[in-house]
Amino acid sequence: QVQLVESGGGLVQAGGSLRLSCAASGRTFSNYAIGWFRQRPGMEREFVAAIGYNTYYVDSVKGRFTISRDNSRNTVYLQMNSLKPEDTAVYYCAAQNLGAGDLRAAGAYKYWGQGTQVTVSS
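Residues numbered from 1 in each chain as written. Predicted model: local features only at pLDDT ≥ 70, side-chain atom pairs only at ≥ 80, totals over all residues. Heavy atoms only, no water.

1. Some details on the overall build of the protein chain
Tallying secondary structure elements over the protein chain gives zero helices and eleven strands in all. Secondary structure elements in the protein chain, listed N-terminal to C-terminal, are β-β-β-β-β-β-β-β-β-β-β. At 13 Å, the protein chain has a C-alpha radius of gyration in line with the 14 Å of a compact globule built from 122 residues. Expressed along its principal axes, the backbone C-alpha trace of the protein chain runs to roughly 40 × 25 × 25 Å. Counting the 122 residues in the protein chain, one finds 42% classified as buried. Restricting to contacts in the protein chain with at least 6 residues of sequence separation, those with at least 24 account for 61%. Summing over all exposed atoms, the protein chain offers an accessible surface of approximately 6,100 Å²; the carbon and sulfur share of this is 45%. (Helix = DSSP H or I, 4+ residues; strand = E, 2+ residues; numbered from the N terminus. Rg over C-alpha atoms; globule rule 2.2 N^0.38 Å. Buried < 20%, exposed > 50% of the residue type's maximum accessible area, 1.4 Å probe, protein only. Contact = heavy atoms within 4.5 Å. Areas by Shrake-Rupley, 256 points an atom, 1.4 Å probe, with all protein chains shown as cover.)

Here's what the structure looks like:
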């Protein structure tokens, strides 16, 4: 069992930055791949970024968002720069065993956090 807690969301103006954190407790954190997903109002949850053996990003955030992990702190970060109003969403982190599936597919993840709201004003 892995418990995930997101933090770092908030309200920011367009062009600003936020850093989201996903803190994990439970089994050995380094054995898990971590993904970030977001859900905008009225839309399905979509993949944003993931870190396993490699890192992956959705095209719309490449060059603006950076995913990283600190296994000593059992935490994965999502640094979000040059934020746009269309980045407004609830952001979720999720965990799956390394090598278990497609890191870009929400259905491949077994554990999910409760989400953190990110609002980017224009």
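2. Digging into the sheet that holds strand 8 (residues 75-80)
In space, the four strands of this open sheet follow the order 1-3-8-7, with antiparallel pairing throughout. Sheet topology places strand 1 (2-7) and strand 7 (65-70) at the edges, where each strand pairs with a single neighbour. Taken pair by pair, the neighbouring strands of this sheet meet at an average axis angle of 15 degrees, ignoring direction. (Pairing = 2+ DSSP bridges. Axes fitted to C-alpha atoms, helices over the stretch in contact; angles between N-to-C directions.)

3. Some words on the pairing of strand 4 (residues 32-39)
Among the eight residues of strand 4, seven are classified as buried, and the element is accordingly described as predominantly covered. Bridging between strand 4 and strand 5 (residues 46-51) involves five bridges; their strand directions are antiparallel. Each bridged residue has a counterpart across the sheet, and for G35 the counterpart in strand 5 is A50. A loop of six residues connects strand 4 with strand 5, the two strands running antiparallel in sequence, and G42 in this loop sits at a positive phi of about 75 degrees.

4. Side note on the side chain of Q96
Structurally, the position occupied by Q96 is in strand 9 (residues 89-97). Of note is the side chain of Q96, whose polar atom sits 3.0 Å from the backbone nitrogen of G101. (Polar contact = N/O pair within 3.5 Å; in protein donor to acceptor, adjacent residues only side chain to side chain.)

5. Regarding the pattern of salt bridges
Under the criterion given, the structure shown has seven salt bridges. Taking the shortest distance from any N to any O, the salt bridge between D59 and K62 comes out at 3.0 Å. The exposure class of D59 is exposed, given its relative accessible area of 60%. One continuous salt-bridge network, built from bridges that share partners, spans R38, R40, E46, R64 and D87. (Salt bridge = Lys/Arg side-chain N within 4 Å of Asp/Glu carboxyl O.)

6. Quick word on the state of the cysteines
Within the structure shown, the criterion is met by one disulfide. For C22, the disulfide goes to C93, at an S-S distance of 2.1 Å. Note on the C22 and C93 pair: the S-S dihedral is about 70 degrees, so by sign convention the disulfide is right-handed. Here the residue C22 occupies a position in strand 3 (residues 18-26), and C93 occupies one in strand 9, the gap between them amounting to 71 residues. The exposure classification of C22 matches that of C93, with both residues buried. (Disulfide = S-S within 2.5 Å.)

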